[in-house]
Amino acid sequence: MPKTDLKQQAVMLIEQLPTEKLSAAIDYLTYLYDKEAWNATHELTSNAEIMKSLELAEADEKVGRLKNWNDVRHDV
């Protein structure tokens, strides 16, 4: 089912829920959102190459080897 159809169905169901059930639905949706974000974070932190790159970037930032975005952008 297309995402737009799913959203429309979700809105229709949400509008019919009593307040206490709506609160439970929000809690569950928040859980799903947070779980997805955690999974993405875990995937990134499990990648040794990405973690090494982040460590190098943090070291560069600490010693001032970074440039201001406004100084390097060219009408992006």
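Residues numbered from 1 in each chain as written. Predicted model: local features only at pLDDT ≥ 70, side-chain atom pairs only at ≥ 80, totals over all residues. Heavy atoms only, no water.

### Quick notes on the overall build of the chain
Piece 1. Secondary structure summary: the chain contains four helices and zero strands in total.
Piece 2. Helices and strands appear in the chain in the N-to-C order α-α-α-α.
Piece 3. Its C-alpha atoms put the chain at 55 × 35 × 25 Å along the principal axes.
Piece 4. When the 76 residues of the chain are sorted by exposure, 0% land in the buried category.
Piece 5. In the structure as shown, the chain presents an accessible area of about 7,300 Å², 57% of it carried by carbon and sulfur atoms.
Piece 6. Treating the 9 positive side-chain charges of the chain as one cloud and the 14 negative ones as another, the clouds have centres 4 Å apart. (Helix = DSSP H or I, 4+ residues; strand = E, 2+ residues; numbered from the N terminus. Buried < 20%, exposed > 50% of the residue type's maximum accessible area, 1.4 Å probe, protein only. Areas by Shrake-Rupley, 256 points an atom, 1.4 Å probe, with all protein chains shown as cover. Lys, Arg positive; Asp, Glu negative; His and termini not counted. Charge placed at Lys NZ, Arg CZ, Asp CG, Glu CD.)

### Observations regarding a nonpolar patch on the surface
Piece 1. Together, Ile 14, Leu 17, Ile 26, Tyr 28, Leu 29, Tyr 31 and Leu 32 give the surface a local cluster of nonpolar side chains, amounting to about 630 Å² of exposed area.
Piece 2. Sort the elements by how many residues they give to the nonpolar patch and helix α2 (residues 19-45) lands first, with five residues.
Piece 3. On the secondary structure map, Ile 14 appears in helix α1 (residues 3-16).
Piece 4. Ile 14 gets classed as partly exposed once you look at its relative accessible area, which sits at 33%. (Patch = residues over 30% accessible without salt bridge, like charges linked within 9 Å, V, L, I, M, F, W, Y side chains within 5 Å. Salt bridge = Lys/Arg side-chain N within 4 Å of Asp/Glu carboxyl O.)

### So, helix α3 (residues 48-62)
Piece 1. Over its 15 residues, α3 runs 21 Å from end to end, which matches the ideal 21 Å to within 8%, given 1.5 Å per residue.
Piece 2. Taking the backbone nitrogen of Glu 49 as reference, a side-chain oxygen 2.9 Å away marks Asn 47 as the first, capping residue of α3.
Piece 3. Count one or two residues on from α3 and you reach Gly 64, which has phi positive near 80 degrees. (Expected span 1.5 Å × (residues − 1). Polar contact = N/O pair within 3.5 Å; in protein donor to acceptor, adjacent residues only side chain to side chain.)

### Overview of the pattern of salt bridges
Piece 1. Considering all chains together, one arrives at one salt bridge under this definition.
Piece 2. For Arg 65, the salt bridge goes to Asp 60, with nearest N and O atoms at 2.7 Å.
Piece 3. Overall, Asp 60 belongs to the partly exposed group, its relative accessible area being 25%.

### Re the confidence of the model for the chain
Piece 1. A residue-level look at the chain finds 99% of positions with pLDDT of 70 or above and a mean pLDDT of 93.
Piece 2. Per-element confidence in the chain ranges from a low mean pLDDT of 85 for helix α4 (residues 69-72) to a high of 96 for α1. (pLDDT = per-residue confidence, 0-100.)

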